[in-house]
Structures are given as structure tokens and as C-alpha cells.
Amino acid sequence: MDPSVRHSRTATRSLPRSGSRLHRRRASRPDARAHPADQDEPDEPVDVSVVLPCFNEEQHVLAEIERTVATMETSGYSYEILAIDDASTDDTLKVLRSAEDRFPRLRVIAFATNGGTGTARRIGTQQARGDIVVWTDADMSYPNERIPELVSILEQDETVDQVVGARTSEQGSHRLLRVPAKWLIRKIAERLTNTRIPDLNSGLRAFRREVSLPYLRLLPAGFSCVTTITMAFLHNQHVIRYVPIPYAKRSGRSKFHFVKDAYRYILQVLRMVMYFNPLKVLMPPSLALLTLGSGKAVYDVVANPVRLASNTLLILLTGLIIASLALLADLIVRSRS
Ligand SMILES: Nc1nc2c(ncn2[C@@H]2O[C@H](COP(=O)(O)OP(=O)(O)OP(=O)(O)O)[C@@H](O)[C@H]2O)c(=O)[nH]1
Ligand SMILES: [Mg+2]
């Protein structure tokens, strides 16, 4: 395990884990359910920060905020919503700014240039005041009314660090291509992490902010940020719980580009495993090549005594080079502070 991660995990464990912390915050305000909006001062920590990346969602972002606010108001948790506009080219920012006046729990962060949904989620999580951070989309596709349920699992079970809404159906764009591609990537990720992953890239999830901090710098700018946070938690023994959720067809236009983003997903899965456990990625092809090369060498010697074919040498050398790379990468991972 990454030592920095071990340190963070220890630190987190020594804090009052969310189970007790959220509970105390709620218990100390018996009227919280009645007046959650009056719960705390603007700079005070809150129980939950909902991070909402927004890019060209002018038609429905207000509806998304309204239903999220309605849910959180009745949940009893103190909360904030961080809506991050990423240089939208439509009126999303204008809609968000006017919503800010209506909803005191809404904070709008606006970027001048587009940095991608991963960047928005990373900055939102860094700036969050909540013990629990929730990631969701602003396109009416995820059942945001289930957010309190996800948070309550973290509150009640201190062994769980992340709760993911696992979609029971695929309603996203490019469905025909996306379903098999996602299945394949999920199987690779399951194999590499030795865990069952019902939904690798769900956009709805709640996690302990403190636990996530060491991994935020690993988040890529684009869509594979959701895969990354799953892989980072799994690789470092942070328990993830999955809750089945419905998934609706999004409102507005998807920003997902099949070829570009699917390629990035695969790359990101491999990169994450390389980052935490390079032997798992590099040793199997190396051993396969070395076994093949050895078999071929035996065949060569039997067929033409004292002569090795050049392709046999090539296979053996490639296997050896990959094995050395694997060991070197492993050394780097282990010596990282
Ligand atoms: N801040 C920011 N948000 C983005 C960007 N691209 C997409 N988003 C937001 O990220 C969320 C997910 O984007 P979607 O286009 O819905 O992608 P998806 O959910 O993977 O794809 P669908 O299943 O087709 O909806 C939405 O809330 C978008 O508004 C971006 O460049 N910057
Ligand atoms: Mg979406």
C-alpha cells in the first residue's frame, strides 16, 4: 500500500469516523430536520457537500438543483451544493447565478476556461466543506433523491469509505457500443483488483472526503475520474459498498465521446494499476513470453541442435525486458513516500 495513503487512512481512522461525527452534529441540533437551511454559518463545516459539474446544461440544471435541495432539506443533514460551471457556452452560468439567490446552500464556482469534468470534481472536492462528498451529474439521469440513503450508509457503517450507486440499466449515449466496452473495462478492472465491481463508472457516489484527499491529484481531467476514484479506493483497501439505482436517460446533450473517452477509460484503468501494483500488469505478459520463448528454445535445440532461432531470442529478450520494467516500476512504487 502507498505509505502516504496508509498515513492518511490512519489519520482518518483516528478522527471521529463519520458514523459518530455526523451523528453528533445531527443529534446536537434536534431541530435540524425542521430547519436544515439555518444550520450553520457560511464557513462552518457541513455534513455533506454535493459536487455538481455543469457544462452546457442550461435547460435542466435548475431542475436538478431544485430536486437536490428538496431532498437534502428533508434529510436532516447539513449540506452545501457546489455547482461548477466549466466555461459553458450556453446560459448555464447565468441560471446558476440566479439560483444562488434562491438557494443559500448553493455555491457556484465558475472557471474561465474548460478543464473537464474530472478537474471540476477534483476542485469541488478540494473546496468542499463536508465530511462526506457526493458526486453526481447535472443532467437528471441519477436519482439524486437517493443521496441521503448513500450518506446514511457511511454514517452508520464506519468500515465503509465509499458508497456507489450501481446502475441497473444503461441509458447513456452510444448505448450499443458503450455496454460491451464498459463490460470489458469492468472485467479488466475486476481482474486487476480481485474485486467484484458492479458499476465501475457510476457518476453517483458518496465518499469520505478525508480518505479521498491523497488520491485527488491522480484524477484525470475527463470522464475517467469516476473510474479512478473507484480504483484508488479499491487498491488501498478502502471498502466500497454498491447500492442498486435506476438510471434515466439524460436531459440535454451528452458530452461523452465514445472513441476518445472509452480509450481514456482503458488507459486510466491500466495506469491506476501500474500506479499501485505494476507487477500485476507487467508480470503476466512477461511470464507468458518467457514461457513461450523457453518452449520454443527447447524445440529449436531438438530440431536443430546448438542453434536458437532469432525469433526465439526476440521472444525471450522481450519477456526479460518487460520483467525488468515490472521490477523497476515496483521498486518506484514501493519507494514512493
Ligand atoms: N465542469 C464540467 N462539467 C462537465 C464537462 N463535461 C461534462 N460535464 C458534466 O459532467 C456530467 C457528466 O457528463 P455527461 O455528458 O452527462 O456524461 P455521461 O454521464 O458520462 O454520459 P451520458 O450517460 O450520455 O449522460 C454532467 O453534469 C456534465 O454537465 C466539462 O468539461 N466540465
Ligand atoms: Mg450523464
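What you see is a predicted model, and the numbers here were worked out from it, not measured in a lab.

Visitor: Lay out the overall build of the chain in plain terms, naming residues and giving numbers.
Guide: Secondary structure assignment for the chain yields 12 helices and 7 strands. Taken across its 337 residues, the chain has 40% of its residues classed as buried. The contacts in the chain between residues at least 6 apart in sequence include a share of 82% that link residues at least 24 apart.

Visitor: Before we move on, can you summarise the packing of helix 10 (residues 258-276) against helix 11 (residues 278-303) with the specific residues and values?
Guide: One way to put it is that helix 10 packs onto helix 11 with a least axis distance of 5 Å and a crossing angle of 105°. Classified by the angle their axes make, helix 10 and helix 11 are roughly perpendicular. Contacts between helix 10 and helix 11 involve Leu270, Val273 and Met274 from the first element and Pro278, Lys280 and Val281 from the second. Residue composition of the contact of helix 10 with helix 11, by class: 5 nonpolar, no polar and 1 charged.

Visitor: Which residues make up helix 11, and what are the values?
Guide: The end-to-end C-alpha distance of helix 11, which contains 26 residues, comes to 37 Å, matching closely the 38 Å that a straight helix rising 1.5 Å per residue would cover. Inspection of helix 11 places Pro278, Val281, Leu282, Ser286, Leu289 and Gly293 among the buried residues, and these make up the whole buried set. On its buried face, helix 11 sits against helix 10 and helix 12 (310-335).

Visitor: Residues and numbers for the environment of Trp135, please.
Guide: With respect to the helices and strands, Trp135 occurs in strand 4 (residues 130-135). Each C-alpha atom of the pair Trp135 and Arg121 lies 7.4 Å from the other, and the pair is 14 residues apart in sequence. Setting aside residues up to four positions removed in sequence, Trp135 forms contacts with Val51, Arg121, Gly203, Leu204 and Arg205.

Visitor: An account of the nonpolar core is needed here, citing residue identities and associated values.
Guide: Within the largest apolar cluster, 42 residues are counted, with the highest numbers of intra-cluster contacts made by Val48, Val50, Leu52, Ala83, Val134 and Ala206. Sorting elements by how many residues they give to this core places strand 1 (residues 46-54) first, with 6 residues. Filtering out sequence-adjacent residues up to four positions away, Val50 remains in contact with Thr68, Tyr79, Ile81, Leu82, Val134, Thr136 and Ile147. Within the second largest apolar cluster, 28 residues are counted, among which are Cys225, Ala232, Ala262 and Tyr265.

Basis of the calculations
Residues numbered from 1 in each chain as written. Chains lettered and ligands numbered in written order. Predicted model: local features only at pLDDT ≥ 70, side-chain atom pairs only at ≥ 80, totals over all residues. Helix = DSSP H or I, 4+ residues; strand = E, 2+ residues; numbered from the N terminus. Buried ≥ 20, exposed ≤ 12 C-beta atoms within 10 Å, placed from the backbone. Contact = placed C-beta atoms within 7 Å. Axes fitted to C-alpha atoms, helices over the stretch in contact; angles between N-to-C directions. Parallel < 35°, antiparallel > 145°, perpendicular 65-115°, else oblique. Nonpolar A, V, L, I, M, F, W, Y, C, P; charged D, E, K, R; others polar. Expected span 1.5 Å × (residues − 1). Core = buried A, V, L, I, M, F, W, Y, C linked by C-beta atoms within 7 Å.

Just distances and angles here, no functional claims.
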